[in-house]
Amino acid sequence: MLSIFFAHGAKKPHTLRQILIGQYIGFAAILGITIAGAIGSSLLLPSAFAPWFGLLPIVIGLRAAINSWRSAHGGEADDEISESAEKIAQKPLSIMAVAAVTFANGGDEIGVYLPVFVTASPQEIALYCGVFLVLVSAVVALARFVTSRPSVAEFLERFEVVLFPAVLIALGVGIIVSGLFGV
């Protein structure tokens, strides 16, 4: 998605600043909802239920794997990103447009972060949020780098279909195993 923003804002002043601020606003909203969900879950659900939140990243990873398989075999995948990309291409680049798209595409992040936050202490959640917010700048810088080097983008796109689902599934299994067995 960031690559699309950079391509859309190419040769326009303040593109990097607009994308970076928009990413921070959208990502802060994602973290806020995730923290609220984790607090609500810990207040409303028994603690024995927390490890089962690990099913969320497993389902997201399996969905990504199925979509990749469908795309590779000529089927139709749920392509939310291309729909968002088309909407972006029709509008001028702005901080709020970047924030809105970041937030709208953040469902997967909420689904992945929520199980981690539910099983974490408040100090760990604060640490995770700090690391995530620092990494926003790194991801924006990486996206800017990738958009200026097509060979790097091709390489990442080729292996993304395997890495993304595998990491999510492993995270989900790790959450469940850790929560059930204290490993």
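Attention in this report is confined to the structure presented alongside it. (Residues numbered from 1 in each chain as written. Predicted model: local features only at pLDDT ≥ 70, side-chain atom pairs only at ≥ 80, totals over all residues. Heavy atoms only, no water.)

1. So, the overall build of the protein
Working step 1: Within the protein one finds eight helices and zero strands.
Working step 2: Excluding contacts between residues fewer than 6 apart, the proportion of contacts in the protein whose partners are at least 24 apart in sequence is 82%. (Helix = DSSP H or I, 4+ residues; strand = E, 2+ residues; numbered from the N terminus. Contact = heavy atoms within 4.5 Å.)

2. Quick notes on the packing of aromatic side chains
Working step 1: Enumeration according to the criterion identifies seven aromatic pairs in this entry.
Working step 2: Geometrically, the ring pair formed by Phe27 and Phe132 is edge-to-face, given 6.3 Å between the ring centres and 90° between the ring planes. Residue Phe27 is located in helix α2 (residues 15-44), and its partner Phe132 is located in helix α7 (residues 122-147); the two are separated by 105 residues in the primary sequence.
Working step 3: Judged by its relative accessible area of 10%, Phe27 falls in the buried class.
Working step 4: On the basis of an interplanar angle of 20° and a centroid distance of 6.4 Å, the ring pair of Tyr128 and Phe132 is categorised as stacked. Remark: Phe132 and Tyr128 occur in helix α7; sequence separation between them is four residues, near one turn of the helix.
Working step 5: Of the residues examined, Tyr128 reaches a relative accessible area of 30% and is grouped as partly exposed.
Working step 6: Every member of this aromatic cluster is reached through a ring pair, and the members are Phe27, Tyr113, Phe117, Tyr128 and Phe132. (Phe/Tyr/Trp six-rings, centres within 6.5 Å; stacked < 30°, edge-to-face > 60°. Buried < 20%, exposed > 50% of the residue type's maximum accessible area, 1.4 Å probe, protein only.)

3. Quick look at helix α6 (residues 107-118)
Working step 1: Its 12 residues give α6 an end-to-end C-alpha distance of 16 Å, which sits within 8% of 16 Å, the value for a rise of 1.5 Å per residue.
Working step 2: By the burial criterion, the buried members of α6 are Gly111, Val112, Tyr113, Leu114, Pro115, Val116, Phe117 and Val118. (Expected span 1.5 Å × (residues − 1).)

4. Re α2
Note that an α-helix has 3.6 residues per turn; residues three or four places apart therefore point the same way.
Working step 1: Helix length check: α2 (30 residues) gives 43 Å between terminal C-alpha atoms against 44 Å at 1.5 Å per residue, within 8%.
Working step 2: Within the span of α2, buried status applies to Thr15, Gln18, Ile19, Gly22, Gln23, Gly26, Phe27, Ile30, Leu31, Thr34, Ala38 and Ser41.

5. Some details on the packing of α2 against helix α5 (residues 95-104)
Working step 1: In the contact formed by α2 and α5, the axes pass within 7 Å of each other and the chain directions differ by 35°. In this structure, α2 crosses over α5, and the sense of that crossing is right-handed. Where α2 abuts α5, its residues Gln18, Ile19, Ile21, Gly22, Gln23, Ile25, Gly26, Phe27, Ala29, Ile30 and Ile33 lie against Ile95, Met96, Val98, Ala99, Thr102 and Phe103.
Working step 2: When its residues are assigned to classes, the contact of α2 with α5 shows 12 nonpolar, five polar and no charged. (Axes fitted to C-alpha atoms, helices over the stretch in contact; angles between N-to-C directions. Left-handed = near helix turned anticlockwise from the far one by under 90°. Nonpolar A, V, L, I, M, F, W, Y, C, P; charged D, E, K, R; others polar.)

6. Brief notes about the side chain of Thr102
Working step 1: Within the fold, Thr102 resides in helix α5.
Working step 2: From its side chain, Thr102 meets the backbone oxygen of Val98 in a polar contact 2.7 Å long.
Working step 3: If we skip the residues at most four places from it in the chain, Thr102 touches Gly22, Gln23, Gly26, Phe27 and Ile30. (Polar contact = N/O pair within 3.5 Å; in protein donor to acceptor, adjacent residues only side chain to side chain.)

7. Considering the environment of Tyr113
Working step 1: Inspection of the secondary structure assignment puts Tyr113 in helix α6.
Working step 2: Note on Tyr113: relative accessible area 14%, which makes it buried.
Working step 3: Other than its neighbours up to four places away in sequence, Tyr113 contacts Phe27, Ile30, Leu31, Thr34 and Phe132.

8. So, the nonpolar core
Working step 1: Counting 28 residues, the largest nonpolar core has Phe5, Ile19, Tyr113 and Phe117 as the members making the most contacts within it.
Working step 2: Of all the secondary-structure elements, those providing two or more residues to this core are α1 (2-8), α2, α5, α6, α7 and α8 (150-181).
Working step 3: No other element matches α6, which puts six residues into this core.
Working step 4: Those residues in contact with Ile19 that lie beyond four places of it in its chain are Leu2, Phe5, Phe6, Leu93, Val98 and Val140. (Core = buried A, V, L, I, M, F, W, Y, C linked by side-chain atoms within 4.5 Å.)

9. Notes on the packing of α6 against α7
Working step 1: Viewed as axis vectors pointing N to C, α6 and α7 meet at an angle of 150°, and their least axial separation amounts to 10 Å. Our classification of the angle between α6 and α7 gives roughly antiparallel. Between α6 and α7 lies a crossing whose hand is right-handed. For the pair formed by α6 and α7, the contact residues are Tyr113, Val116 and Phe117 on the first element and Ile125, Tyr128, Cys129 and Phe132 on the second.
Working step 2: Its residues assigned to classes, the contact of α6 with α7 shows seven nonpolar, no polar and no charged. (Parallel < 35°, antiparallel > 145°, perpendicular 65-115°, else oblique.)

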